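Understanding the architecture of this molecule
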Amino acid sequence: MLNMWKVRELVDKATNVVMNYSEIESKVREATNDDPWGPSGQLMGEIAKSTFMYEQFPEVMNMLWTRMLKDNKKNWRRVYKVRLPCNMGWGVTLLL
């Protein structure tokens, strides 16, 4: 039997495919999801590395801004989780 978290994970994967998100955008969405726990250190490290890559930086920033400003009507955790990488010294600190 599938539990609630597995169902949400499957829905998120389907959304990533349907919306044609890149791999790094999918990782940002995973890191800023509504789960009550924070993202893994490995996932945050992968996203942090990509903020220093010219090609991936705009994708990361666009998804962070989308998650923070457009999707946050009732999802306060997303806003909080967007702030986590900024406090850790990612390349995005200059823009936020």
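In short, a report on the structure. Counting of residues starts from 1 at the beginning of each chain's written sequence and follows it residue by residue. With the structure being a predicted model, the display of local features is reserved for residues of pLDDT at least 70 and the display and counting of side-chain atom pairs for 80 or more, all residues being used for whole-chain, interface and lining totals. Water and hydrogen atoms were dropped before computing side-chain values, which therefore reflect all heavy atoms in the structure.

So, about the pattern of salt bridges. What counts as a salt bridge is simple: a side-chain nitrogen of Lys or Arg found within 4 Å of a carboxyl oxygen of Asp or Glu. In total, this model carries five salt bridges according to the counting rule given. Between Glu9 and Lys13 there is a salt bridge, and its shortest N-O distance comes to 3.5 Å. Remark: Lys13 and Glu9 occur in helix 1 (residues 4-18); sequence separation between them is four residues, near one turn of the helix. Three exposure classes are used, based on accessible area relative to the maximum for each residue type with a 1.4 Å probe and protein chains only: buried under 20%, partly exposed in between, and exposed over 50%. On the basis of relative accessibility, which here comes to 36%, the residue Glu9 falls in the partly exposed class. The helix and strand labels rest on DSSP assignments: H or I over at least four residues marks a helix, E over at least two residues marks a strand, and numbering proceeds from the N terminus.

With that out of the way, let us pick up the layout of surface pockets. Take a probe with the size of a water molecule and roll it over the atoms, and the empty space left behind shows itself. Here the largest pocket defines a volume of roughly 540 Å³. Using a grid of 1 Å spacing that covers the protein atoms alone, one calls a set of points a cavity when a 1.4 Å probe fits there but cannot get out, and a pocket when the set is open and has protein on both sides within 12 Å along at least five of seven lines; lining residues are those with an atom within 4 Å of a point. In this structure, the largest pocket is lined by 22 residues; those nearest its centre are Glu9, Asp12, Glu30, Asn33 and Asp35. Put simply, the parts of the chain that give the lining of the largest pocket at least two residues each are helix 1, helix 2 (23-31) and helix 5 (76-87). Residue classes follow a fixed rule: Ala, Val, Leu, Ile, Met, Phe, Trp, Tyr, Cys and Pro count as nonpolar, while Asp, Glu, Lys and Arg count as charged, and any other residue, Gly among them, counts as polar. A per-class count over the lining of the largest pocket returns six nonpolar, five polar and eleven charged. Grid points are joined across faces, edges and corners, and a volume is the space filled by probe spheres set on the points.

Moving on: the packing of helix 2 against helix 3 (residues 41-50). Between the N-to-C directions of two axes lies an angle of 0 to 180 degrees, each axis being a line fitted to C-alpha atoms and, for a helix, fitted only over the stretch in contact. For the pair helix 2 and helix 3, interaxial distance at closest approach is 10 Å and the crossing angle is 135 degrees. Accordingly, the angle class assigned to the pair helix 2 and helix 3 is oblique. Between helix 2 and helix 3 lies a crossing whose hand is left-handed. Between helix 2 and helix 3, the contacting residues are Ile24, Lys27, Val28, Glu30 and Ala31 on the first element and Leu43, Glu46, Ile47 and Ser50 on the second. Among the residues forming the contact of helix 2 with helix 3, the class breakdown is five nonpolar, one polar and three charged. Working definition: roughly parallel below 35 degrees, roughly antiparallel above 145 degrees, roughly perpendicular at 65 to 115 degrees, and oblique for all remaining angles. We call a crossing left-handed when the near helix sits turned anticlockwise from the far one by less than a right angle, and right-handed when that turn is clockwise. Working rule for contacts: check all heavy atoms of both residues, and any pair within 4.5 Å makes them a contact.

Let's shift gears to the side chain of Ser50. Topologically, Ser50 is positioned in helix 3. Judged by relative accessible area, which is 2%, Ser50 ranks as buried.

Our focus in this paragraph is a nonpolar patch on the surface. Taken together, the side chains of Met4, Trp5 and Trp37 define a hydrophobic patch exposed on the protein surface, amounting to about 340 Å² of accessible area. Checked against the element boundaries, Trp5 lands in helix 1. Of the residues examined, Trp5 reaches a relative accessible area of 32% and is grouped as partly exposed. Patch membership is restricted to residues that have no salt bridge and whose relative accessible area is over 30%. Joining uses 9 Å for like charges and 5 Å for the nonpolar side chains Val, Leu, Ile, Met, Phe, Trp and Tyr. Per-residue and other accessible areas follow the Shrake-Rupley method at a 1.4 Å probe size, with only the shown protein chains counted as cover for residues.

Bear in mind that shape data such as this cannot, by itself, settle questions of function.
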